[in-house]
Amino acid sequence: MSDTLLVTGASGYIGSHTCVCLLQAGWHVIAIDNLSNSSPRTIERIQEITGRSVPFHTIDVRDESALTRLLNQENISAAIHFAGLKSVSESVNKPLTYFDNNVNGSITLLKVLHQQGVRKLVFSSSATVYGDPKKVPIQEDASLSATNPYGRSKLFVEQILNDLSQADPEWRIATLRYFNPAGAHESGLLGEDPRGIPNNLMPYIAQVAVGKLPHLSVFGNDYPTTDGTGVRDYIHVMDLAQGHVSALNRLFAKPESFTVNLGTGQGITVLEAVAAFEQACGSHIPIQVAPRRPGDIATCYASADKARELLNWQANKTLDQMVDDHWRWQSHNPNGY
Ligand code: NAD
Ligand code: WQD
């Protein structure tokens, strides 16, 4: 495939890994990011891994005129929209910042794409739109809800995209609901580089393993799960990235919009994740049991059936590969990029 794609949020964690898969699948990529939560070094590393060049522009997706100028110069066939803010706790304190970035940013991008005649989009949604699921594995037709501004921003954009594809069936939109991305590119050159203290489990464990943080606080050991700790569906970021290639292939093949989960279908507890990471790094990860984190749910994992049927995609990498790759990235780049 030699079409050109616009990738927003391309220097971020999932965007950078997805660029690698897109380039290796033969697509051309134009990368944009406002660098609010990432380093431009990711672009150098994507180029190093793939041997392909990636034009990069520092552009905010809310900047309509900069986007228009760029798209006037490039012949884009589709966009993948990763750009956005993603911290649940920060969103509670800064709701307007989150709605502006995630909702207004998406609307601005959609307007510019529409004006330029681009009608294919892949959108980064999240399992967070399922709120506290009534049953697991979670199917795509489960009821939706959100308990924080970040989650609501994803839900609002999903609704906007539904309305848009209803109003103009020429739009082909893939809404991808990611479960819990973890791991890194197997080269150790690309990985997650959170600013400040990580919010999420895997990067937190990784920073304990490398000696930057003293211990992991386990948020609750009295959940109704096998060992009392929270259960999540951790998906290797390269499997997730490959899911975008499959979603794009489907968008180019069939004139339809769709929503799918990207998860493994398997739940892992916090203690299982810690044990796997200890194997990978060869050292003990000190833990302290702490109170439950407000807003956390006990168990969340995907039904991966729809993605398998619709996209012919499934996650192939194991938990051990995920933590091995995460550790390689963290130990080779203890201070990130
Ligand atoms: P990330 O922060 O690493 O990447 C997002 C990128 O978007 C960053 O490089 C940031 O600088 C950029 N950005 C933010 N606002 C922007 C704006 N207004 N204009 C241009 N660039 C902007 O996060 P990620 O983990 O790679 O997440 C990518 C997408 O996937 C996000 O939309 C996120 O909400 C979604 N998602 C992430 C997870 C997760 O756990 N990582 C789970 C589900 C969904
Ligand atoms: C996983 C498990 C914690 C940190 C969040 C967002 C969600 C999505 C993914 C973007 C839970 C436990 C964690 C720690 C711990 N992001 N934990 N100690 O909560 O499933 O989802 O990231 O869309 O919207 O809410 O992921 O990695 O934060 O937590 O014990 O220091 O690890 O309680 O059981 P979560 P997480």
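Described below are features of the structure shown in this document.

Rules behind the numbers
Residues numbered from 1 in each chain as written. Chains lettered and ligands numbered in written order. Predicted model: local features only at pLDDT ≥ 70, side-chain atom pairs only at ≥ 80, totals over all residues. Heavy atoms only, no water. Helix = DSSP H or I, 4+ residues; strand = E, 2+ residues; numbered from the N terminus. Rg over C-alpha atoms; globule rule 2.2 N^0.38 Å. Buried < 20%, exposed > 50% of the residue type's maximum accessible area, 1.4 Å probe, protein only. Contact = heavy atoms within 4.5 Å. Areas by Shrake-Rupley, 256 points an atom, 1.4 Å probe, with all protein chains shown as cover. Arc of directions from axis to C-beta. Expected span 1.5 Å × (residues − 1). Near = heavy atom within 4 Å. Polar contact = N/O pair within 3.5 Å; in protein donor to acceptor, adjacent residues only side chain to side chain. Core = buried A, V, L, I, M, F, W, Y, C linked by side-chain atoms within 4.5 Å. Nonpolar A, V, L, I, M, F, W, Y, C, P; charged D, E, K, R; others polar. Axes fitted to C-alpha atoms, helices over the stretch in contact; angles between N-to-C directions. Parallel < 35°, antiparallel > 145°, perpendicular 65-115°, else oblique. Left-handed = near helix turned anticlockwise from the far one by under 90°. Salt bridge = Lys/Arg side-chain N within 4 Å of Asp/Glu carboxyl O. Phe/Tyr/Trp six-rings, centres within 6.5 Å; stacked < 30°, edge-to-face > 60°. Lys NZ or Arg CZ within 6 Å of the ring centre and 35° of its normal.

Helix and strand content of the protein chain: 11 helices and 13 strands. Scaling as 2.2 N^0.38, a compact globule of 337 residues should have a C-alpha radius of gyration of about 20 Å, and the protein chain matches this with 19 Å. When its C-alpha atoms are laid out on the principal axes, the protein chain stretches across 55 × 45 × 40 Å. Across the 337 residues in the protein chain, those meeting the buried criterion constitute 54%. In the protein chain, of all internal contacts separated by at least 6 residues, the share reaching a separation of at least 24 is 81%. As presented, the protein chain carries roughly 14,200 Å² of accessible surface, and 47% of it is formed by carbon and sulfur atoms.

Now for helix α2 (residues 41-50). Those residues of α2 that sit buried are Thr42, Ile43, Arg45, Ile46, Ile49 and Thr50. For α2, the angular spread of the buried residues around the axis is 160°, confining them to a single face.

Now for helix α8 (residues 237-253). With 17 residues, α8 ought to run about 24 Å at 1.5 Å a step, and its terminal C-alpha atoms sit 25 Å apart, in line with that. Within α8, 13 of the 17 residues are buried, which leaves it mostly tucked inside the rest of the structure.

We now examine the site of ligand 2. Residues in close proximity to ligand 2 total 19 residues, the closest being Ser126, Tyr150, Ser217, Arg232 and Asp296. Contact between ligand 2 and Leu201: an oxygen atom at 2.8 Å from a main-chain N or O atom of the residue. Residue Arg232 places a side-chain N or O atom 2.5 Å away from an oxygen atom belonging to ligand 2. Bound to the protein, ligand 2 loses 87% of the 690 Å² it would expose on its own. Only α7 (201-209) and β8 (216-219) provide two or more residues apiece to the shell around ligand 2. If one sorts the elements of the shell around ligand 2 by residue count, β8 sits on top with four residues.

Ranked by size, the top nonpolar core spans 43 residues in total, and within it Leu22, Val29, Ile46, Leu176, Leu248, Phe258 and Leu262 carry the most contacts. At eight residues, the largest contribution of residues to this core is made by α8.

Right, let's talk about the site of ligand 1 for a bit. Near ligand 1 you find 28 residues, and of these Asp33, Asn37, Ser38, Asn101 and Tyr150 are the closest. A distance of 2.7 Å separates an oxygen atom of ligand 1 from a polar side-chain atom of Ser38. For ligand 1, whose accessible area on its own is 820 Å², the fraction buried by protein is 95%. Residue composition of the shell around ligand 1, grouped by class: 11 nonpolar, 12 polar and five charged.

Further remarks concern the packing of α7 against helix α9 (residues 270-281). Contact pair α7 / α9: the axes reach a minimum separation of 11 Å and the direction vectors enclose 40°. The orientation of α7 relative to α9 falls into the category oblique. At the point where α7 passes α9, the crossing takes the right-handed sense. The residues of α9 that touch α7, namely those facing Leu201, Met202, Ile205, Ala206 and Ala209, are Val270, Ala273, Val274, Phe277 and Cys281.

Looking now at the packing of α7 against helix α11 (residues 319-332). α11 packs onto α7 with a crossing angle of 55° between their chain directions and a minimal axis gap of 10 Å. Considered as vectors, α7 and α11 are oriented oblique to each other. Here α7 runs over α11; the crossing is right-handed. Residue-level contacts link Met202, Pro203, Ala206, Gln207 and Ala209 of α7 to Leu319, Val323, His326, Trp327 and Gln330 of α11. For the contact of α7 with α11, the residue count by class is seven nonpolar, three polar and no charged.

With that settled, consider the pattern of salt bridges. Opposite charge on two side chains allows them to pair when their charged atoms are near. Scanning the model with the defined rule gives 13 salt bridges in all. Between Asp100 and Arg62 there is a salt bridge, and its shortest N-O distance comes to 2.8 Å. One end of the pair, Asp100, is in helix α5 (residues 95-115); the other, Arg62, is in the loop between β3 (56-58) and α3 (64-73), with 38 residues separating them in the sequence. Here Glu192 ties to Lys86 by a salt bridge, and the two come within 3.3 Å at their closest N and O atoms. Taken together, the residues span a long stretch of sequence, with Glu192 in the loop between β7 (180-182) and α7 and Lys86 in the loop between β4 (78-81) and α4 (88-93) at a distance of 106 residues. Each member of the salt-bridge network shares a partner with another, and the members are Asp60, Arg62 and Asp100.

Our next topic: the packing of aromatic side chains. By the definition in use, this model includes five aromatic pairs. For the ring pair Phe277 and Trp327, a centre distance of 6.2 Å and an interplane angle of 80° mean the geometry is edge-to-face. Remark: Trp327 occurs in helix α11 and Phe277 occurs in helix α9; sequence separation between them is 50 residues. We classify Phe277 as buried; its relative accessible area is 0%. The residue whose ring lies beneath Lys120 is Phe252, and the NZ or CZ to ring-centre distance is 4.6 Å.

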